Amino acid sequence: MEVRNEVDIATAGLPRQAADASRPKVVVCMTNHERPDCARINQEIIKLNYPEPWPIVHACSDVTYEPHMEDVLVRCQPRSIIEGALNLLQQSCRAAAEVYNPQYLLHVEADTWVFDQGIIQRYIDLLDRHPKAWLAASTWSTDQRVQWRRLQHPFAKVKLGTAKVLNALGSDFGVKRKQTLSTQFFIARNDPRFFKVIDGIRPTFENTLEYDFYQAFVAEFGKRAVLHIKEREPVHPDNRHWCPALTLHAQHWPEQLARPADLPVGTQREGVSGQYDIPGKKEVLAAYGFKHLGPAMRKLLEASDTSYYNPKAKRY
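Reading the values: rules and limits
Within every chain, residues take consecutive numbers counted from 1 along the sequence as written. For this predicted model, a pLDDT threshold of at least 70 governs which residues receive local features, and a threshold of 80 or more governs which side-chain atom pairs are given and counted, while totals over whole chains, interfaces and linings are taken from all residues. To get the side-chain values, take all heavy atoms of the structure and skip hydrogens and water. Runs of E in the DSSP output that reach at least two residues are strands. Runs of H or I that reach at least four are helices, and both are numbered from the N terminus. Expected span, for any helix, means 1.5 Å times one less than how many residues it has. When accessible area is computed with a 1.4 Å probe and restricted to protein chains, residues below 20% of their type maximum are described as buried, those above 50% as exposed, and intermediate ones as partly exposed. We call two residues contacting when some pair of their heavy atoms lies within 4.5 Å. What makes a nonpolar core is a set of buried Ala, Val, Leu, Ile, Met, Phe, Trp, Tyr and Cys residues whose side-chain atoms join them at distances within 4.5 Å. You can read pLDDT as the predictor saying how much it trusts each residue, on a scale of 0 to 100. With a 1 Å grid laid over protein atoms only, a set of points is called a cavity when a 1.4 Å probe fits there but cannot get out and a pocket when it is open yet has protein on both sides within 12 Å along at least five of seven lines; lining residues have an atom within 4 Å of a point. Grid points are joined across faces, edges and corners, and a volume is the space filled by probe spheres set on the points. Note that Gly is not counted as nonpolar here; it falls among the polar residues with everything else outside the nonpolar set of Ala, Val, Leu, Ile, Met, Phe, Trp, Tyr, Cys and Pro and the charged set of Asp, Glu, Lys and Arg.

A. Region of interest: helix H3 (residues 117-129). An ideal rise of 1.5 Å per residue puts 18 Å on 13 residues; H3 measures up with 19 Å between its terminal C-alpha atoms. Residues of H3 that are buried: Gln117, Ile119, Ile120, Tyr123, Ile124 and Leu127. The secondary structure elements touched by the buried residues of H3 are strand S3 (26-32), strand S6 (104-109), strand S7 (113-114), strand S8 (135-137), strand S11 (185-189) and strand S12 (226-228).

B. Expanded view of the nonpolar core. Within the largest apolar cluster, 40 residues are counted, with the highest numbers of intra-cluster contacts made by Ile41, Leu106, Ile120, Phe185 and Ile187. For this core, the secondary-structure elements that each account for two or more residues are S3, helix H1 (36-49), S6, S7, H3, S11, helix H8 (281-288) and helix H9 (295-302). Every residue in contact with Ile187, bar those within four places of it in the chain, is listed here: Tyr104, Leu105, Leu106, Ile120, Tyr123, Ile124, Leu127, Trp134, Leu135 and Ala136. By size, the runner-up hydrophobic cluster in this structure holds 37 residues, among which are Ala59, Leu89, Leu181 and Ala188.

C. Up close: the confidence of the model for the protein. Within the protein, residue pLDDT values average 88, and 84% of them lie at 70 or more. Throughout residues 1-5 the model reports pLDDT below 50, and contacts reaching past four residues in sequence, or to other chains, amount to 12 contacts.

D. Highlighting the layout of surface pockets. Considered as a void within the structure, the largest pocket measures approximately 980 Å³ in volume. What lines the largest pocket is a set of 33 residues, among which Arg35, Ile81, Ala85, Glu109 and Arg240 lie closest to the centre. Looking at the lining of the largest pocket, the elements that each hand over two or more residues are S3, helix H2 (81-99), S6 and helix H7 (209-221). The element that contributes the greatest number of residues to the lining of the largest pocket is H2, accounting for 7 residues. Grouping the amino acids of the lining of the largest pocket by side-chain chemistry returns 10 nonpolar, 16 polar and 7 charged.

E. Spatial organisation of the environment of His249. Among the structural elements, His249 can be located in strand S14 (residues 248-249). Given the relative accessible area of 8%, His249 is considered buried. Separated by 136 residues in sequence, His249 and Trp113 have C-alpha atoms that sit 5.1 Å apart. Not counting residues up to four positions away in its chain, the partners in contact with His249 are Asp111, Thr112, Trp113, Phe115, His241, Trp242, Lys281 and Val284.

Rendered as structure tokens:
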């Protein structure tokens, strides 16, 4: 067990800096804070159901978490939400590079499941064919047109009409926060310049991590170095918690939230972390029908009481 910068790395006897002959193309860099059950199932999806084996490096700030199917467990001290998210990202990627030295780093947060490995592989193939691209990611953008449609206001109708015309001409008018990069799910080349980017980020409360990530990355590599994962753009609100085109599920609640009788369909109350019309992890897991079920999968699918699931994560 090695201790470094308040981080413990348990490698299960794996060598440092794997030789080129055994160098994996992809390593999964998983990050986890208060999503332990999502993390276990995510590992079972990857380890038991992905056709091509990919090592998993799991950076976790939950002191009660017990190792599951990850190849490397990086224990990190809990921090504030912004600093903690960045630290987990940095530590998972750094450990993956040191232990395996892969060609690509696939970062996923613990509650972000991608069921179909082939979709990820397609973007890796695109990066292979575009050597000047260093990252595949979506923006962390917001489609304002969704809100405009809900508002009964003349100005909103004018903006919707303008958007309809401009969108037909190729403009993305109505989408804001485009100068961002999703840290929730991305694929990056394993390169010292990438670590210069993530190590140089100084998180602030004024900006989101996604904004700071974009600014640092573009300053180092330029805008054209990003392959945009278009299936998920804009992320908010329709692709935030699930994106069928990517088989991506990022909701962290176990079962579909019961809609209050006084809340109209298609709306949600202020402060609700989920959306009532989106199924929970139990429903999407059952619907996909994986051939190989791990113990964490079975526990959720067979549970009559799911209160155990991610107990510290917000449901409302």
